[in-house]
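Examining the three-dimensional arrangement
In case you want the letters, here they are:
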Amino acid sequence: MDMNERGRIKLIITRFLAYFFVIFTCLLCVLFFAILLINATKTNFQLQNKFSIIPGTNFLVNLKNAWLDASIDIPRGMLNSLIVALTSSLLTTYFSALTAYGIFAYDFKGKKLIFTFILGIMMIPTQVNAVGFIQLAYKYNLTNKLLMLIIPSIAAPAVFFYMIQYLQATLPMELVEAARIDGSGEFKTFNQIVLPIMKPAVAVQLIFAFVESWNNYFMPSLLLTDSTKKTVPIMMFQLRSADYSKFDLGKMYMFILLAVLPVIVVYLIVSKSIIKGVTSGSVKG
């Protein structure tokens, strides 16, 4: 067996292992979601008995019971989470991209210091920053306001770092200078020229910021006590603390399914841009 044939065999084995790992991981992810979907179609009695992969016929009943539950206002919780997650993700990506553009496109005194300072904030745990913010919110009676969950999300050092790396890889300064020569203002240049170029990166960070905000439990649990202001993670915690012996498991699985669906929908909307953004942002242009 010559060297070329050994190399081909090694390449085939490597590809087989890579494809096997990817397919196995995908099937594993789909499996858990499929189990959740199947359980959401069953009655409480069926779920308390042996596990079966055969779907039930109680999907609409579980949906009605979960949606109209008197103890946990699911529609209100999903609306609150949607408002916070959408607004936070949009503000996070836009202002992070704007900050990255300002530091990337301009040379000014203290530029490196500001860049280092922003990256240094990434090393500080969220819990440390939250202490003073929570005290401030209670001092000025700013609790039970969704705005207090949205405002802190504007400052996102990790998103800024990704954005500036993407700009360094894809944005030629000649394009910005040409726009300036043509008399374009800086905000107009950013919104109409730079931002469209950054669309893949914005899509990537949009979904990440949305998921992070949607799943955020720490800050809402400290700031929100009014039942009409609670978000999905808080309601999920209430389900975990419930007495399962007296709880409808079919309704519980349906609630979990409803909590997951918005994230899946947002991902499907921007999935093509996510793939493009990951591949483009990793290659120096």
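Above this note sits the structure.
Residues numbered from 1 in each chain as written. Predicted model: local features only at pLDDT ≥ 70, side-chain atom pairs only at ≥ 80, totals over all residues. Heavy atoms only, no water.

A few points about the overall build of the chain
Counting its regular elements, the chain contains 14 helices and 0 strands. Taken from the N to the C terminus, the helices and strands of the chain come in the order α-α-α-α-α-α-α-α-α-α-α-α-α-α. Expected size for 285 residues packed as a compact globule is a radius of gyration near 19 Å; at 24 Å, the chain overshoots this value by more than 25%. Over its C-alpha atoms, taken along the principal directions, the chain stretches across nearly 80 × 70 × 35 Å. For the chain, the proportion of its 285 residues judged to be buried stands at 35%. In the chain, the share of contacts with a sequence separation of at least 24, taken over all contacts with a separation of at least 6, comes to 74%. For the chain, the exposed area adds up to about 17700 Å²; of that, 69% sits on carbon and sulfur atoms. Taking the average place of the 24 positive charges on the side chains of the chain and the average place of its 13 negative ones, the gap between the two points comes to 4 Å. (Helix = DSSP H or I, 4+ residues; strand = E, 2+ residues; numbered from the N terminus. Rg over C-alpha atoms; globule rule 2.2 N^0.38 Å. Buried < 20%, exposed > 50% of the residue type's maximum accessible area, 1.4 Å probe, protein only. Contact = heavy atoms within 4.5 Å. Areas by Shrake-Rupley, 256 points an atom, 1.4 Å probe, with all protein chains shown as cover. Lys, Arg positive; Asp, Glu negative; His and termini not counted. Charge placed at Lys NZ, Arg CZ, Asp CG, Glu CD.)

Points about helix α6 (residues 126–139)
The end-to-end C-alpha distance of α6, which contains 14 residues, comes to 20 Å, matching closely the 20 Å that a straight helix rising 1.5 Å per residue would cover. Roughly 25° is the biggest bend found in α6, and it falls at glycine 132. Of the residues making up α6, those classed as buried are Ala130, Ile134 and Ala137. Here the buried face of α6 lies against α7 (147–150) and α12 (218–223). One or two steps after α6, the chain reaches asparagine 141, where phi turns positive at roughly 55°. (Expected span 1.5 Å × (residues − 1). Bend = angle between axes of the 7 residues up to and from the residue.)

As for the packing of helix α4 (residues 74–105) against helix α9 (residues 173–181)
Packing of α4 against α9 leaves a shortest axis separation of 12 Å and a crossing angle of 90°. By the criterion of interaxial angle, the relationship of α4 to α9 is roughly perpendicular. Contacts between α4 and α9 involve Tyr101, Phe104 and Ala105 on the former and, on the latter, Met173, Val176 and Arg180. Its residues assigned to classes, the contact of α4 with α9 shows 5 nonpolar, no polar and 1 charged. (Axes fitted to C-alpha atoms, helices over the stretch in contact; angles between N-to-C directions. Parallel < 35°, antiparallel > 145°, perpendicular 65-115°, else oblique. Nonpolar A, V, L, I, M, F, W, Y, C, P; charged D, E, K, R; others polar.)

Some thoughts on the packing of aromatic side chains
On inspection of all chains with the given rule, the structure shows 9 aromatic pairs. Their ring planes at 20° and their centres at 6.3 Å tell us that phenylalanine 16 and phenylalanine 20 sit as a pair that is stacked. One end of the pair, phenylalanine 16, and the other, phenylalanine 20, are both in helix α1 (residues 3–39), 4 residues apart, so they sit about a helical turn from each other. Neither residue differs from the other here; phenylalanine 16 and phenylalanine 20 are each classed as exposed. For the pair tyrosine 94 and phenylalanine 190, a centre-to-centre distance of 5.7 Å together with 75° between the ring planes defines the contact as edge-to-face. You can see tyrosine 94 sitting in helix α4 and its partner phenylalanine 190 sitting in helix α10 (residues 186–197), a full 96 residues away along the chain. Classification of phenylalanine 190 as buried rests on a relative accessible area of 0%. The structure contains a cluster of three or more aromatic residues connected by ring pairs, namely Tyr94, Phe95, Tyr101, Tyr106 and Phe190. (Phe/Tyr/Trp six-rings, centres within 6.5 Å; stacked < 30°, edge-to-face > 60°.)

Observations concerning unusual backbone geometry
One non-glycine residue, asparagine 141, lies in the positive phi region at around 55°. The residue asparagine 141 is located in the loop between α6 and α7 in this model. Looking at asparagine 141, the relative accessible area reads 60%, which means it is exposed.

Structural notes on the pattern of salt bridges
For the coordinates displayed, the defined rule picks out 3 salt bridges. Among the salt bridges present, the one from lysine 111 reaches aspartate 107, with a minimum N-O distance of 3.2 Å. Among the ionic pairs, arginine 180 bridges to glutamate 186, the shortest N-O distance being 3.1 Å. Given a relative accessible area of 29%, glutamate 186 falls into the partly exposed group. (Salt bridge = Lys/Arg side-chain N within 4 Å of Asp/Glu carboxyl O.)

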